[in-house]
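Each chain is listed here by its residues.
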Amino acid sequence: MLEINDNEIHAIGSVLNDNSRPLKERFRALFTLKNIGGAKAIELIHMCFKDDSALLKHELAYCLGQMQDSSAVSILVKVLEDVTQEPMVRHEAGEALGAIGDVNVIPVLKRYSEDNVPEVAETCQLALRRLQWLKSNDPLTTSQNSPYMSVDPAPPTEIRDVKKLKDILLNEDIPLFERYRAMFSLRNIHTPESILALCEGLKAGSALFRHEVAFVLGQIQEEITVPYLQSSLENEKENEMVRHECAEALGSIATPECFNILKKYLDDNKRVVRESCIIALDMCEYTNSSEFQYADTLQKVAV
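So, how was this worked out
Residues numbered from 1 in each chain as written. Predicted model: local features only at pLDDT ≥ 70, side-chain atom pairs only at ≥ 80, totals over all residues. Heavy atoms only, no water. Helix = DSSP H or I, 4+ residues; strand = E, 2+ residues; numbered from the N terminus. Rg over C-alpha atoms; globule rule 2.2 N^0.38 Å. Buried < 20%, exposed > 50% of the residue type's maximum accessible area, 1.4 Å probe, protein only. Contact = heavy atoms within 4.5 Å. Areas by Shrake-Rupley, 256 points an atom, 1.4 Å probe, with all protein chains shown as cover. 1 Å grid on protein atoms, 1.4 Å probe; cavity = no way out; pocket = protein on both sides within 12 Å on 5 of 7 lines; lining within 4 Å. Points joined across faces, edges and corners; volume = space filled by probe spheres on them. Nonpolar A, V, L, I, M, F, W, Y, C, P; charged D, E, K, R; others polar.

Side note on the overall build of the protein
Alright, step 1. The number of helices and strands found in the protein is 17 helices and zero strands.
Alright, step 2. Against the globule reference of 19 Å for 303 residues, the protein gives a C-alpha radius of gyration of 18 Å, in line with a compact fold.
Alright, step 3. With respect to the principal axes defined by its C-alpha atoms, the protein has extents near 50 × 45 × 35 Å.
Alright, step 4. When the 303 residues of the protein are sorted by exposure, 56% land in the buried category.
Alright, step 5. In the protein, of all internal contacts separated by at least 6 residues, the share reaching a separation of at least 24 is 67%.
Alright, step 6. In the form shown here, the protein has an accessible surface area of approximately 13,400 Å², with 49% of it arising from carbon and sulfur atoms.

Written out as structure tokens, the structure reads:
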């Protein structure tokens, strides 16, 4: 948790909640609040759910989940229950509830595991399975820590055979939770073979599944994934959740080729894709600058 006083936290929150500020500045402010943590940061993030950017609200929910603070549960439940919110926002609220790991949300997740929106229903099903897994496994003896410092929607499996993991990943008859477990195992193995297996997942399964594959490829940050991510971003028939995640993954990889790809979609007809490219290009710039960490630079815009 960052050491920072209340006035500085409020200044950062003011940037996040000011829709006249460039989106990239608001994102930096958000991730600074995430790193600060605590009740005041959560309150300032909560205030921003009134914004009209689905991408930003989705990221608000993601950050609340990654903070793993139970005081955010009621906020996320309201977002999940609000059917006027965009599907990608409600989905992220459901995933965040699973990430926090509070078993009191099980009845809510059960209710929305049958939601009319497939992405929301599948997310809540996964969150329920994660909570069940947490209840039945001793955290002291079962490692669930991600080498990427993220709280994942499913733990990696114990399988280490890449071919077996790939078969599970791409088999749509296998429960989604098990396919996610294979996904995170392939990510953690991090060999060319396992990475290319993941890339095949961009053409398989539901939109939710494909979007998670893209997210994982962004964590891996390997140049061999660029053609696959580019193909999905360029496909205007692809779900916007998937395209958005591909754009942000390219921003994480941050090669000159990624920069050029992203610039082409700054005027895309889908707002969430346009905005994702803005954020991804900002990530590219920071990755290739002298700044040590993207999130560490965020306070400079706010205070």
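Alright, that's what it looks like, and here's the rest.
Points about empty space enclosed by the protein
Alright, step 1. Evaluated as defined, the whole model comprises two cavities of 30 Å³ or more.
Alright, step 2. Of the pockets and cavities examined, the largest cavity occupies roughly 60 Å³.
Alright, step 3. Taken together, E95, G98, A99, T123, L126, A127, R130, V151, D152 and P153 make up the full set of residues lining the largest cavity.
Alright, step 4. If you list the elements that add at least two residues to the lining of the largest cavity, you get α6 (87-100) and α8 (118-136).
Alright, step 5. With four residues, the top contributor of residues to the lining of the largest cavity is α8.
Alright, step 6. Residue composition of the lining of the largest cavity, by class: five nonpolar, two polar and three charged.
Alright, step 7. Space inside the second largest cavity adds up to approximately 40 Å³.
Alright, step 8. Taken together, A61, Y62, G65, Q66, E92, E95, A96, A99 and V151 make up the full set of residues lining the second largest cavity.

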